[in-house]
Amino acid sequence: MKMKTEVYALAVVLWLCAQTLGALAQDNIHLDSGWSPEDSAMVSEIHDHILGQGRCVEDLRVLCKDIGARLSGSPEADDAIVWGAKTLREAGGDVRMQTVVVPHWERGEVERAWIRLDGGEPEPIRIRALGGSVGTAGIMEAEVSVFSDFEGIDTLGPNGLNGRMAFFNRPMDPLMINAGGAYGGAYEQRSKGAVKSAEHGGIAALVRSLTHALDTFPHTGGMRYEEDVRQVPSAALSTVDSRRIAAWINEGRNVRIGLEMGCVLHDDMAQANVIAEWTGSEFPDRYIVVGGHLDSWDIGEGAHDDGAGIVHSIEVLRALKAIGYQPRHTLRVVLFINEENGNNGGKTYAQRARERKEWHVAAVESDAGGDAPRGWSIDATDSGTEAVRAWRESLGGYGMGDLRRGGAGVDIGPLKKEMPAGKRPLMVGLRPNSQRYFDYHHSDKDVFENVHPRELKLGAAALTSMVYLLDQLNYDALD
Ligand SMILES: [Zn+2]
């Protein structure tokens, strides 16, 4: 009997513990710190709506599968502009086009490479020309020198390469927690590698792909030339090929690489930013802009970069309309063109905004992929930053409470430069989990199947919540 009583008492205690833990788990999402009860209810409703009825996954499927890769200047980018306008209209937006002049580069039909080790037979390897590279005008083959940084090549002197190819093999730093930071740290060899090679007598530049993934997929990306420096072809190698080529060279073996690339730069052409506007009830002449970029590189499907940001942004408009919200400030959803190789969409948008003296109180961008949201990067004055930081605990309840100061997005970036001091927008960029983003980024692997549907919806809900919260702020009280 005594035994039974003890068992019963223990069961009651366990039950009470379970209840308490359950309540705590639920309360995590309603901590309310920094939010009014109305804010908590709205953010909860936004999440319920998008997780239950969100359309962003289907939107991304259409953008990736029916249109696909869509580099600026391509017919696919035109198709994406038409699709973006139609989809924003269906979401309830008042849509217009803003003409943007964009570059038109094509990698061309021919893109192949081979390794010749110690004078043996050529072995084909995969390459991807970097965006903007010149072609090879036929076939070229030369010995390769490997560099782990620019200091290594700078010590060679003006003709140190003497007709060889420079291979820049610096990996993304595996010790950095944020993969975006590691990307930023290794990015220079891709953007400036061709100039560095030419300055030292090289005939081409090869670059280790910017990814932590060890596989056979080369990743493209932007590069640039400088005036008065000879333009040499530039291409990415996969991480697997980079590792073995560097090892052979370091063992003292003779490595020659052959290249044939048919890249062409056509004349600039006119494309467009797609803008949906929703007039604010209290401050119709103050703007909150939210967006991502409609263009992508010309390989893969531009699913994470930045199809995810595009469908997140469209969902902001659709969800806020569907739950009957009326914004206080005028809300603009902008699908920017040409982020990848010029940022002319972002620059044009900011120039027009300055000419029309539009006060953009806030700007929000999603261009860091479709993985689960983690937090936000804030580019704002001290008071603007504090206003967002006050929501940290409540945002944390939804898994998006990691707040840092830093760049908010390439497309919205020019707004900061164009606007006078005192009228610069409070800028915020969505920061999803960065760990797998660069596995896909700018490669054939950036396809719809590699975006997790639920994580994509959580990103859309995060972006919509942030736009709602920014619409609640009193911008006259911020400096
Ligand atoms: Zn992007």
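Residues numbered from 1 in each chain as written. Predicted model: local features only at pLDDT ≥ 70, side-chain atom pairs only at ≥ 80, totals over all residues.

Concerning the packing of helix α2 (residues 37-53) against helix α14 (residues 453-472)
Item 1. One way to put it is that α2 packs onto α14 with a least axis distance of 9 Å and a crossing angle of 150°. Relative to α14, the element α2 is oriented roughly antiparallel. For the pair α2 and α14, the sense of crossing is right-handed. When α2 is examined against α14, the residues Asp39, Met42, Val43, Ile46, His47, Ile50 and Leu51 are found in contact with a partner set consisting of Lys457, Ala460, Ala461, Thr464, Ser465, Tyr468, Leu469 and Gln472.
Item 2. Broken down by class, the residue content of the contact of α2 with α14 amounts to 9 nonpolar, 4 polar and 2 charged. (Axes fitted to C-alpha atoms, helices over the stretch in contact; angles between N-to-C directions. Helix = DSSP H or I, 4+ residues; strand = E, 2+ residues; numbered from the N terminus. Parallel < 35°, antiparallel > 145°, perpendicular 65-115°, else oblique. Left-handed = near helix turned anticlockwise from the far one by under 90°. Contact = placed C-beta atoms within 7 Å. Nonpolar A, V, L, I, M, F, W, Y, C, P; charged D, E, K, R; others polar.)

Some details on the sheet that holds strand β6 (residues 165-168)
The pairing of strands in a sheet comes from backbone hydrogen bonds and takes either a parallel or an antiparallel form.
Item 1. Taken in spatial order, the 8 strands line up as β3-β2-β9-β5-β6-β7-β8-β4 in an open sheet, and their pairing is mixed. Of all strands in the sheet, those bounded by a partner on one side alone are β3 (123-125) and β4 (127-129). Within this sheet the neighbouring strands show an average axis-to-axis angle of 35°, counted without direction.
Item 2. Taken together, the 3 bridges between strand β2 (residues 111-117) and β3 define a ladder with antiparallel strand orientation. The partner of Ile115 across the bridge, within β3, is Glu123.
Item 3. Relative to strand β7 (residues 204-208), helix α6 (residues 179-199) is tilted by about 155°, and along the sheet it contacts β6, β7 and β8 (234-237).
Item 4. Of the strands in this sheet, β2, β3, β5 (140-147), β6, β7, β8 and β9 (255-261) are in contact with helix α7 (residues 239-250), which crosses β5 at around 80°. (Pairing = 2+ DSSP bridges.)

Quick notes on the sheet that holds strand β10 (residues 264-278)
Item 1. One open sheet accounts for 8 strands, arranged β1-β10-β12-β11-β13-β16-β14-β15; its pairing is mixed. The sheet is open, and its two edges are formed by β1 (94-106) and β15 (402-405), each paired on a single side. Strand after strand, the sheet turns through a mean of 20° between neighbouring axes, direction not considered.
Item 2. Here strand β11 (residues 283-293) pairs with strand β13 (residues 359-365) via 6 bridges, running parallel. Bridged to Tyr287 within β13 is His360.

Some remarks on the nonpolar core
Item 1. Ranked by internal contacts, the top residues of the largest apolar core, which has 92 residues, are Leu60 and Val467.
Item 2. Counting contributing residues, this core receives three or more from each of domain 1 (33-105 + 267-477) and domain 2 (110-262).
Item 3. Other than its neighbours up to four places away in sequence, Leu60 contacts Ala303, Gly307, Ala308, Val311, Phe448, Val451 and Leu456.
Item 4. Counting residues in each nonpolar core, the second largest holds 34 residues, with Ile127, Ile153, Ile203 and Cys263 among its members. (Core = buried A, V, L, I, M, F, W, Y, C linked by C-beta atoms within 7 Å. Buried ≥ 20, exposed ≤ 12 C-beta atoms within 10 Å, placed from the backbone. Domains from an automatic or database assignment.)

As for the pairing of β11
Item 1. Pairing analysis gives 8 bridges linking β11 to strand β12 (residues 329-336), with the strands arranged parallel. Bridging across to β12, Ile288 finds its partner in Leu331.
Item 2. With respect to chirality, the unit in which β11 leads through helix α8 (residues 303-322) into the neighbouring parallel β12 is right-handed. (Right-handed = clockwise from strand over helix to strand, strands pointing away.)

A few points about the domain arrangement of the chain
A common way to report how large an interface is uses the accessible area buried once the components associate.
Item 1. The domains assigned to the chain are domain 1 (33-105 + 267-477) and domain 2 (110-262).
Item 2. A straight line from the C-alpha centre of domain 1 to that of domain 2 covers 34 Å.
Item 3. The interface is formed by 16 residues belonging to domain 1 together with 17 residues belonging to domain 2.
Item 4. Here the side of domain 1 that touches domain 2 gets 3 residues from one element, more than from any other, and that element is helix α13 (residues 437-440).

Thoughts on unusual backbone geometry
Item 1. At the junction of Asp305 and Asp306, the peptide bond is cis and its omega measures out at 0° in the coordinates.
Item 2. Following the sequence through the fold, Asp306 ends up in helix α8.
Item 3. Here Asp228, not a glycine, exhibits a phi torsion of approximately 70°, which is positive.
Item 4. Note that Asp228 resides in the loop between β7 and β8.
Item 5. In this structure Asp228 comes out as exposed when scored by C-beta crowding, with 5 C-beta atoms within 10 Å.
Item 6. Phi at Asn343 takes a positive value of approximately 60°, unusual for a residue other than glycine.
Item 7. Following the sequence through the fold, Asn343 ends up in the loop between β12 and α9 (344-355).

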